[in-house]
Amino acid sequence: MLEHVGAAAARLPYLPRPPVRRCRAKIASRAFRWFLADYQDWLSRAGSCSGGRGPVLGDVWLWAAVEWSPPTYAGFYARGGFDTPTVVALLVAAVVKAALLWLILRAPAPGPLDRQAKALRRLLYLAVAYTLVLWYPIALLPDAVDAVFQLALWTAIDLLYLLVIRWRSRMLRAAAGAMFAVELAGMANELLDELDLPELGSGGIVELGLVLGGVAATLITVVGQRRDGRWSRGTLAAGWLSVGVYALVIPFNFLFERISSGKEAVLVVMGAVGLVGTVWIAATARELPAEGRPADLPPARRRVIRVAVAAVAVLPIIALIHPEQTPHLTYTGWSMDCYDRPRFGDLKPAEHDAAFLCRARSAEGGVPPMFPDSLSDQAILAYGRALCRTKDRDEQEAILTRAGSARPTGGADPWDLVYVCPEIVGATHPELLRSTTETEAAYTAYIAEENAKCRDPWPRTKAVAQATAKYFLFADGDHGYLVHDPGDEAADQAAEQAMDKVYDDSALIGVAGSAVLVGHVEDVSDLCLTVKAFRTAPPQRTAGWDQVNEVPIVSRSGRLAVPEMGEGGEVGAGAPMPNLAIAGKGRYRLRVYVRVDDAGQEHHLVVVFPGTSRRRLELKP
């Protein structure tokens, strides 16, 4: 696996690795990792890790022989056997990689080396060994271990490059040091990412800078080798080719999602091409003792190398040119740019189509996408605008079925369609046109308006602690609201027990130690709630209430509270609720008043005061 684009081509993978999904969906600042992450996502969508047929035995061993990885890894790629292009690619790659391996394993050149050159040679061979074999045992360890190993290894190599290579120019050496620093910053950024620590920078501009800095580090190293004079033309050619590999990988990552078939074959080819960087690193280590530049290559070999370098530079540009009728695909359901879900009002008009494409192809939460990845951007946008013009769900389902949707039932949601036809959706759902700030302001205003509808039923009886607010419930299936001790070690268990007991009580009040669950008597989605805490028991005052009950409750941490609505939450009190355990730890009495007014609004008054009695009282059944 490539650990950083600028750390020399040895870190380009010469073979594809098993697709291991990470929990965090971040892109490292490394060109080949971009490509590999997209490939892993494609494998996930294709179901290669589950449910498919096992690979054919011959394919397993062909894969192991060519890709130099354990046979079990073939199961990630050979779903029922490789197709013909993949088999051909493996056979060709076998010949190419055998030739490149012969170049890698050539014996080191004889000659004296000082301590710094010896250390550099050993570290370069360690990098080669990592690319060929050590990646497998290290891959069994946490990702952070791999990141630490790579950072330490290439920090030492880059420092020794500055000391061992005869740059013959202070400016060139300083430029090399700056490029190496950018390269190592990118690797450090990846380590911080693996450790879930704040990164050095985020966003496309920062990552692009790290990638280009890494490429420049490789480029300037080859320039330094040329000025040094110890390395042969073949080694320098391998270095230039490794830079060309980066130029091939970056646009290939851009094109990878647009390839509809033969992805395994392309991956095999890319793996073989990536081995060129390892050849350069091995050759750099092998030729360190040479005091004079070796003899030039024969003219025929030099022409072959020039053609290869030119092909690597030109092929990515040619690959970017598509026929006019080729479908254009900007995003797939797993594209990293689609993980953020901005609201319509937060986007610029030019970004609306892209947001709809993300939602239309999203498979988040295991839900099938609205449209398959085989449809182009143009087709999906056209289908989306057609969905906006439909009159009912049946027409939408017909359009989705015609488009090959995996979930045509139910039609399309307006919060998805608003991005392609805001003028139509906004007419019936104006709230979908708001920005995040506008939505939050409207939500705050709505909560304040609902709270204002509730009045204190005992306005002249002032308590030590009190509050009145609207308590919001789930529209269907919510049992009621809790008065509980959130600091109790067994708070969750007590809440579950109170919930089990609430329907066993005629007054719909479940009592379980430090938790009391008060149910609602009407089928409502919210109710007006007033809580008051007294130092002594207040008068009962049952007149005007439908039912009044008194139950025991205990506070083990010195707190008794009613849950509040959290940030973005939908359930809880709409205003801050006070601590009702005003006497600290101990036993309390909890009196619940309930009534329903003529408009169907349910009102609750909860009175709490210290008391050791454990009796349940029906003051007004």
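Please refer to the structure higher up on the page.
Residues numbered from 1 in each chain as written. Predicted model: local features only at pLDDT ≥ 70, side-chain atom pairs only at ≥ 80, totals over all residues. Heavy atoms only, no water.

Asker: Where do I start with the nonpolar core in this structure?
Answerer: As a rule of thumb, nonpolar side chains are buried together in soluble globular proteins. Counting residues in hydrophobic clusters, the biggest one holds 41 residues, and the most contacted among them are L120, W154, I157 and Y161. Elements with a contribution of two residues or more to this core: α3 (84-104), α4 (115-139), α5 (143-164), α6 (170-194), α7 (204-228), α8 (233-256) and α9 (263-286). Among the elements that make up this core, the one with the highest residue count is α5 (nine residues). By size, the runner-up hydrophobic cluster in this structure holds 31 residues, among which are L527, V562, A581 and V606. (Core = buried A, V, L, I, M, F, W, Y, C linked by side-chain atoms within 4.5 Å. Buried < 20%, exposed > 50% of the residue type's maximum accessible area, 1.4 Å probe, protein only. Helix = DSSP H or I, 4+ residues; strand = E, 2+ residues; numbered from the N terminus.)

Asker: Teacher, can you tell me more about the sheet that holds strand β3 (residues 509-512) here?
Answerer: Picture the strands of a sheet paired through backbone hydrogen bonds; they go either parallel or antiparallel. Strand order in the open sheet formed by three strands is β2-β4-β3, and the pairing between neighbours is antiparallel. Taken across any chain shown, the strands that pair with only one partner, and hence form the sheet edges, are β2 (480-484) and β3. Direction aside, neighbouring strands of the sheet carry axes that sit 15° apart on average. Bridge count between β3 and strand β4 (residues 515-519): four bridges; the pairing is antiparallel. Bridge pairing in β4 links A512 to A515. Docked against the sheet, helix α17 (residues 491-501) engages β2, β3 and β4, running at close to 145° with respect to β3. (Pairing = 2+ DSSP bridges. Axes fitted to C-alpha atoms, helices over the stretch in contact; angles between N-to-C directions. Contact = heavy atoms within 4.5 Å.)

Asker: Would you mind showing me how to read the pairing of β2 here?
Answerer: Side chains on a regular strand alternate between the two faces of the sheet. Judged by how many residues are buried, β2 sits mostly within the fold: five of five residues are covered. Bridge analysis of β2 against β4 gives five bridges, and the strand direction is antiparallel. In the strand pairing of β4, G480 is matched with G519.

Asker: Would you take a moment to explain unusual backbone geometry for this structure?
Answerer: Peptide bonds are, in most cases, trans, and in most cases residues other than glycine have a negative phi. We note that D196 has phi near 60°; this positive angle belongs to a residue other than glycine. By the element assignment, D196 lies in the loop between α6 and α7. At R541, a position not held by glycine, the phi torsion is positive, near 50°. Classification of R541 as partly exposed rests on a relative accessible area of 41%.

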